[in-house]
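Residue-level structural notes
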Amino acid sequence: MRRHLSLIVLGSVTALLALPLSATAQSTPQPVDPEKHEADSLRIPAISTFAYTQNMHPLGYSPRVVPLANAQPGAGVFNSDLAFWGKTAYHGTYEGFRIIDVTEPDNPVEINNFTGCVQGTTTGNQGDVIIWENILVRSWNSPAPAGGRFCGNLFTPAGQEGVHIFDVSDPANPVGQAFVATPCGSHTATGVPDPANNRLLVYNSPSSGAVGCRGLDIIEVPLDDPAAATYLRFEPSGDPRPALPNLVTVDAPSPAAGTYGASGAAFGPVPNETGVAGNIVLVNDGSALPTEGCGPLVGFPSGAIALVDRGTCGFVQKVSNAQAAGATAVIVANNAPGVPGTMGGTDPTITIPSVMVSQADGTTIKAGLPATGRVSSAPLPEIPDRACHDTGVILGDAMKVSCAGSDGFTVWSLDPADGGSLEDPAVQYSKIIPGVTIGHSAGFTWDGEVLIFGHEPGGGGQAQCQATSPLVNRTLFFFDADTGAQVGTFVHPRPQTSLENCTWHNYNMVPTSKRYVIVSGNYQSGISVVDFTDPGNAFEIAYADPAPLVNPDNPAAIELGGDWSTYWYDGRIYESDITRGLLIWDLHDKAVAGAEKLGHLNPQTQEFTIG
């Protein structure tokens, strides 16, 4: 790993730097005519519950229906990501992959539903796929159980995970060539062609925040001998962060004087480096367990930092009670040994930071009261590392890589002028975005000028596109790819219900030099096509939004589903629906007129630049 620039911390979601790009007049996309919707639904019943715009036309459907009821065989064995070679779509699943002939988009034909990666189970999730000529690479994201498991004819030893490589020359009979184990699994993988060396490189994203896992695995697949695929090296995404993200400092002359590591919370603001200072006061709510703070606090001095024991009520309730009593911050003392984890919960009304120290440190701090002190964030290295959830690559004149994960994204250069190469990228900078906890996707405009960042609050299983959801959770971000300066945002424009899991998930750019147009799949809000030629004034030009799925086991709960990914490929929109299968759409809009045809597509990889 080589490094060049530094950490950039974004001040707010709304900080913008306008780019000198022209944009056509914004107009609200019009819904499809009811008569056309009825005719489309008769032809393709799978879209009967969709609301979509009049410029969207459903073409074809290749079903792979996943049961919604938990007790049914195959429930949870989802459809995942897509890749394309010529007129063939490769559709990942949790038990393998599908090979689909899309020569006639209105009549896609499944050639093979390969279920050899532990059929009928989620053992071999998550099934992201890369295709290069006759070589298919598939992600396996969980340690194999005792006794190991097969993915086709490839054995995965117990406890191991990584990627499996297949020869799909005969689509009816894929043949396993190699299993390459990775230290921390394979959540997603990005193909990087290296024809000069007759190989395909794979940038593997483990999506693990564990020490030693924060970055990319680089794997080599020789094109003329894929069975000789090997693990080359690990590429860190930066320098290691502190073991815990926050600090509690107790001032002298307290016998507890010192600095203690602390975890954070999924709710409320994050402490900054300056921190919040004041008296540290153990709470009393007048109950039989007074220091747990589960009821209104008694005699708490406004302006102090509340020290609360973990116990019978939730973290949100404790912090809310402390805030109501005038606390400026909250320290929770864990009630079990070990490193404290992130405190869960949601409450947009909480406006004070809260952290948790270990049981041992909590005991020490309590014994040192009365005391003054401070709650703050731990200082970060110049380029802090992060888990890489998904990775985008652009070659050509741009030669950049970006992985999204945890609280933002990291950018590398592949350009030798920056000290980078395909095999050894050079870190340029790291971006932290306030309010982001699970960075998901990073991609580039085709000219390499703008980086598009999406994140996955709640891990993709929560209803985060409601009108009442935090603004940051509904936001797609645009950044200057060279500097990391924010140049625009776009907020999800169609509020979803409390029963629809929704985030900006997987997307790609329409290949054109005329405009910046992104096609995105957003779980149960379906397809969104956004024109951000002016990143500071982005607008939606088309959508296809299904009705909420009904959970047969509990109608009051979310049924996980919707779009895993949606991509533009050679004039069509291909939608991978988690529980339905593959849907193909036409988009008739001047914004995509004249888009280039690529002939093949791994959506996280742009093999050249345009413009």
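Source: prediction; values computed, not measured.

Considering the overall build of the protein chain
Tallying secondary structure elements over the protein chain gives three helices and 42 strands in all. Relative to the 2.2 N^0.38 estimate, which gives 25 Å for 611 residues, the radius of gyration of the protein chain is 25 Å and therefore close to what a compact globule would have. Taken along the three principal axes of its C-alpha coordinates, the protein chain extends 75 × 55 × 55 Å. Taken across its 611 residues, the protein chain has 57% of its residues classed as buried. The contacts in the protein chain between residues at least 6 apart in sequence include a share of 60% that link residues at least 24 apart. Placing the 28 positive and 58 negative side-chain charges of the protein chain at their respective mean positions leaves the two points 3 Å apart.

A look at the environment of valine 519
Relative to the helices and strands, valine 519 is located in strand E35 (residues 517-521). Taking the relative accessible area as the measure of exposure, valine 519 reaches 0% and is therefore buried. When residues no more than four places from it in sequence are discounted, the contact partners of valine 519 are Asn506, Tyr507, Asn508, Val510, Ser528, Val529, Thr566, Tyr567, Trp568 and Ile573.

With respect to the nonpolar core
Core analysis: the largest hydrophobic core is formed by 29 residues, its most contacted members being Ile452, Phe478, Ile518, Phe532 and Tyr574. Contacts of phenylalanine 478, omitting those with residues within four sequence positions, involve Val450, Leu451, Ile452, Ala485, Gln486, Val487, Gly488, Thr489, Phe490, Phe532, Pro535 and Ala538.

Quick notes on the state of the cysteines
One pass over the full model with this rule turns up five disulfides. One disulfide in the model links cysteine 294 with cysteine 313; its S-S distance is 2.1 Å. Its S-S torsion of about -90° marks the bond between cysteine 294 and cysteine 313 as left-handed, since a negative value means left-handed. Taken together, the positions of cysteine 294 in the loop between strand E21 (276-282) and strand E22 (305-309) and cysteine 313 in the loop between E22 and helix H2 (315-324) put the pair 19 residues apart, joining distant regions of the chain. With a relative accessible area of 14%, cysteine 313 lands in the buried category.

A look at the pattern of salt bridges
One pass over the structure, following the stated rule, counts 20 salt bridges. Between aspartate 385 and arginine 214 there is a salt bridge, and its shortest N-O distance comes to 3.4 Å. Of the two residues, aspartate 385 is situated in the loop between strand E25 (371-377) and strand E26 (390-394) and arginine 214 in the loop between strand E16 (199-205) and strand E17 (215-222); the sequence distance between them amounts to 171 residues. In this pair, the class of aspartate 385 matches that of arginine 214, namely buried.

Quick word on the pairing of strand E32 (residues 475-480)
Each regular strand displays side chains that alternate between the two surfaces of the sheet. Counting buried residues in E32 gives six out of six residues, a clear majority hidden from the surface. As judged from the four bridges shared by strand E31 (residues 450-455) and E32, these two strands associate in the antiparallel manner. The residue of E32 that forms the bridge with valine 450 is aspartate 480. Note that E32 and strand E33 (residues 486-491) share five bridges and pair antiparallel. Of the residues in E33, the one forming a bridge with leucine 476 is phenylalanine 490. Hairpin remark: E32 followed by E33, antiparallel, with five residues in the connecting loop; positive phi at glycine 484, about 85°.

Quick look at helix H1 (residues 34-43)
For H1, the complete set of buried residues consists of His37, Asp40 and Ser41. Down the axis of H1, the smallest arc covering the buried residues is 100°, so these residues share one side. Opposite the buried face of H1, by more than 90 degrees, sit the exposed residues Glu35, Glu38 and Leu42. Of the surrounding secondary structure, the elements contacted by the buried residues of H1 are strand E3 (51-52) and strand E4 (56-63). Residue aspartate 33 occupies the N-cap position of H1, its side-chain oxygen lying 2.9 Å from the main-chain nitrogen of glutamate 35.

Regarding the confidence of the model for the protein chain
A low pLDDT means the predicted coordinates there should not be read in detail. For the protein chain, the average pLDDT comes to 95, and 96% of its residues sit at 70 or higher. Residue range residues 1-5 is modelled with pLDDT below 50. Its contacts to residues more than four positions away, or to other chains, number 26 contacts. Confidence drops under a pLDDT of 50 for residues 12-24, and excluding neighbours within four residues, the segment shows 29 contacts in the predicted structure.

Section: the sheet that holds strand E6 (residues 88-93)
Strand order across the open sheet formed by five strands is E8-E7-E6-E5-E41, with antiparallel pairing between neighbours. Each edge of the open sheet is held by one strand with a lone partner, namely strand E8 (109-114) and strand E41 (600-601). Where E6 lies against strand E7 (residues 96-101), six bridges are found, and the strand directions are antiparallel. Bridged to histidine 91 within E7 is arginine 98.

Quick notes on the rules
- Residues numbered from 1 in each chain as written.
- Predicted model: local features only at pLDDT ≥ 70, side-chain atom pairs only at ≥ 80, totals over all residues.
- Heavy atoms only, no water.
- Helix = DSSP H or I, 4+ residues; strand = E, 2+ residues; numbered from the N terminus.
- Rg over C-alpha atoms; globule rule 2.2 N^0.38 Å.
- Buried < 20%, exposed > 50% of the residue type's maximum accessible area, 1.4 Å probe, protein only.
- Contact = heavy atoms within 4.5 Å.
- Lys, Arg positive; Asp, Glu negative; His and termini not counted.
- Charge placed at Lys NZ, Arg CZ, Asp CG, Glu CD.
- Core = buried A, V, L, I, M, F, W, Y, C linked by side-chain atoms within 4.5 Å.
- Disulfide = S-S within 2.5 Å.
- Salt bridge = Lys/Arg side-chain N within 4 Å of Asp/Glu carboxyl O.
- Pairing = 2+ DSSP bridges.
- Arc of directions from axis to C-beta.
- Polar contact = N/O pair within 3.5 Å; in protein donor to acceptor, adjacent residues only side chain to side chain.
- pLDDT = per-residue confidence, 0-100.

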